[in-house]
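Read off the chains here:
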Amino acid sequence: SDHKVLVFDTDLSAREMYVTSLRSDGFDVSVTDEQDDFLSQIEEKHPPVAIISLEMDDIDFDELVDQANSAEPPTRILLVAGESSIEGKEDILVKEGCELIKKPFSLNSLIEVVKDCVSSAEFDAEEDDDDSVGDLLDEADDDTADDDTADDEESQEESDTKSDLEDSLDEL
């Protein structure tokens, strides 16, 4: 199933909570409490989404995120953290493919975010697979000059979002 979710947390009760709620919602959940195992599961199982606790010690979060981003297809990372565990890790939160889920949160809201990530991953995969009329039209558009301005606006929006995120982190 494409509804795979990988959970990486050293806290057993947190892992059990994620597994129970995600499985009851129909997700195929794998869990780990070790960095090497996480990295090999990203490579072997290609989950569209991974939930990682930012509250673990001695973990190279940069490596986790970089590996998830370079996977084919990329794995979206949901970083779960309380206020105190964000300190000193702000650089990870602005990396591409990461989303912060601040504690406390409801399991329902977490499941909604996971569903959004899975459906956007499925949408991206479908786009890659078909040579549909839409793709052919997109290719024709590539030859037009307006394309550059759209890309510039998009990257401007991305950097605005990142600076907003950085501003809100500075306020913490």
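Below you will find a few notes about this structure.

What counts and how
- Residues numbered from 1 in each chain as written.
- Predicted model: local features only at pLDDT ≥ 70, side-chain atom pairs only at ≥ 80, totals over all residues.
- Heavy atoms only, no water.
- Phe/Tyr/Trp six-rings, centres within 6.5 Å; stacked < 30°, edge-to-face > 60°.
- Helix = DSSP H or I, 4+ residues; strand = E, 2+ residues; numbered from the N terminus.
- Buried < 20%, exposed > 50% of the residue type's maximum accessible area, 1.4 Å probe, protein only.
- Arc of directions from axis to C-beta.
- Contact = heavy atoms within 4.5 Å.

This part is about the packing of aromatic side chains. Applying the stated rule across the entire model yields one aromatic pair. Between F8 and F38 the ring centres are 5.3 Å apart and the planes differ by 25 degrees, which places this aromatic pair in the stacked class. Here F8 is found in strand 1 (residues 4–8), whereas its partner F38 is found in helix 2 (residues 35–45), with 30 residues between them in sequence. The class of F38 is buried, set by a relative accessible area of 0%.

Below, the discussion takes up helix 2. Within the span of helix 2, buried status applies to Q35, F38, L39, Q41 and I42. Along the axis of helix 2, the buried positions cluster into a sector of 160 degrees, meaning they face one direction only. Residues D36, E43 and E44 are exposed on helix 2 and point more than 90 degrees away from its buried face. Here the buried face of helix 2 lies against strand 1, strand 2 (28–32), strand 3 (49–53), helix 3 (61–70) and strand 4 (76–81). Trailing helix 2 by a residue or two, H46 shows a phi angle of about 50 degrees, which is positive.

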